[in-house]
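# Summary of structural features
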Amino acid sequence: MNINIKLFYFYMLLFFVQQLPAQERAASTTNIERTTAQLRNSPSEKVWVIAHRGDWRNAPENSVQAIKNCISMGVDMVEIDVQLTKDGKAVLMHDSTIDRTTTGKGRVGDWTLDGLKNLFLKDGLGIATSHRIPTLEEALLSCKGHILVNIDKGFELFPICYATAKSTGTLDQIVLKANKSYEEIKEKLGKGFEEVSFMPIINMNSSNAKVLLDNHLRNYKPIAVEFTINKGQEDVLKRFQELREQGINVWVNSLWPKQNAGHDDEIAVNDPSIYDWFLENHINMIQTDRPALLIKYLKSKKQNP
């Protein structure tokens, strides 16, 4: 083979090898852009898996590892909780106190970030691990380009959550929610309302649930509506199909029986067909404590998890 041809192939090979990392990054960006587009467009075939507090059965809840586990298993969205420290730093923590989930005691608001960083997170059995309490910034950076994020309790801390998402370049991946009227939400979020993905929470146990829902739908098209529905409230299921036909995602938690008319994760452990109820009733966003089980079920139904 001519020496010039050999050199040509050598440099071509070198070029493609050098391009691989950039291509991988581009593919990752494309994937998350596709996911955020699906969030807004609400394709009929998409069923979303949302992991409650991350993969907390295999890592401490609200830990970076719990988030990474979700990314690895193909979860669409991870739900995290945010609390504020004494020095005004946003950290991942569900409770207002740290007793249950860390090796420390007291209120999150009574600790500085430096103090909290000396503690260790506990697992689901209350055993101390090697994992530390992450800041919201650390959590969002671990999610960047990989997975959507539902920040629970983020509504009340919106300025901090917004600034952190903006600085980490993850604003498009964030979903906020609140059980508030449209007017309260618009006033709280201000101009940020146009920049974030927001969904109202409608608790059907509330006497003004239908009024609250209609108020939202009159004023804007939410990316999703989260419903809490108990037994005896099945009449609301008729609204789910209507919302889906309008391109609005319908979110129902499979966490506890009172949130889903008795169709919850713990029953699904022994009988995964319990999840049929969600699909039959046009529910396409499911927040679960059993993400691996739900993904396996959806694959068996040839649904896109």
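Within the sequence span of helix 11 (residues 291-300), burial applies to Pro291, Leu294, Ile295, Tyr297 and Leu298. In an axial view of helix 11, the angular spread of the buried residues amounts to 160°, which keeps them on one side of the axis. Turned more than 90 degrees away from the buried face of helix 11 sit Lys296, Lys299 and Ser300, all of them exposed. Looking at the buried residues of helix 11, the elements they touch are strand 1 (48-52), helix 2 (64-73), helix 10 (276-280) and strand 9 (285-288). Trailing helix 11 by a residue or two, lysine 302 shows a phi angle of about 60°, which is positive.

Once that is clear, we can look at the pairing of strand 8 (residues 249-253). Across a regular strand the side chains alternate sides, sitting on one face of the sheet and then on the other. Taken across its five residues, strand 8 has five buried, putting it largely inside the fold. Alternating residues of strand 8 divide into Asn249, Trp251 and Asn253 and Val250 and Val252, and every residue in both groups is buried. Of the pairings in the sheet, the one linking strand 7 (residues 224-228) to strand 8 comprises four bridges and is parallel in character. Residue pairing across strands places phenylalanine 227 opposite valine 252, the latter belonging to strand 8. Crossover connection from strand 7 via helix 8 (residues 237-245) to parallel strand 8: handedness right-handed. The sheet contact formed by strand 8 and strand 9 spans three bridges and is parallel. Residue pairing for strand 9: tryptophan 251 is matched across the bridge by methionine 285.

A few words now on the environment of asparagine 304. On the secondary structure map, asparagine 304 appears in the segment after helix 11. Spatially, the C-alpha atoms of asparagine 304 and valine 49 are 9.5 Å apart, while their sequence positions differ by 255 residues. When residues no more than four places from it in sequence are discounted, the contact partners of asparagine 304 are Glu45, Lys46 and Val47.

This part takes up unusual backbone geometry. Even without being glycine, serine 42 reaches a positive phi, approximately 55°. Its place among the elements puts serine 42 in the loop between helix 1 (3-41) and strand 1. Under the relative-accessibility criterion, serine 42 is labelled buried at 6%. Even without being glycine, lysine 302 reaches a positive phi, approximately 60°.

With 61 residues, the main nonpolar core has Leu136, Ile151, Phe198, Phe227 and Val252 as its most contacted residues. Those residues in contact with isoleucine 151, other than ones at most four positions away along the chain, are Ile80, Val82, Leu136, Cys161, Ile174, Val175 and Leu176. Membership of the second largest hydrophobic core comes to twelve residues, among which are Val175, Met199, Trp251 and Met285.

Definitions and cut-offs
Residues numbered from 1 in each chain as written. Predicted model: local features only at pLDDT ≥ 70, side-chain atom pairs only at ≥ 80, totals over all residues. Heavy atoms only, no water. Buried < 20%, exposed > 50% of the residue type's maximum accessible area, 1.4 Å probe, protein only. Helix = DSSP H or I, 4+ residues; strand = E, 2+ residues; numbered from the N terminus. Arc of directions from axis to C-beta. Contact = heavy atoms within 4.5 Å. Pairing = 2+ DSSP bridges. Right-handed = clockwise from strand over helix to strand, strands pointing away. Core = buried A, V, L, I, M, F, W, Y, C linked by side-chain atoms within 4.5 Å.

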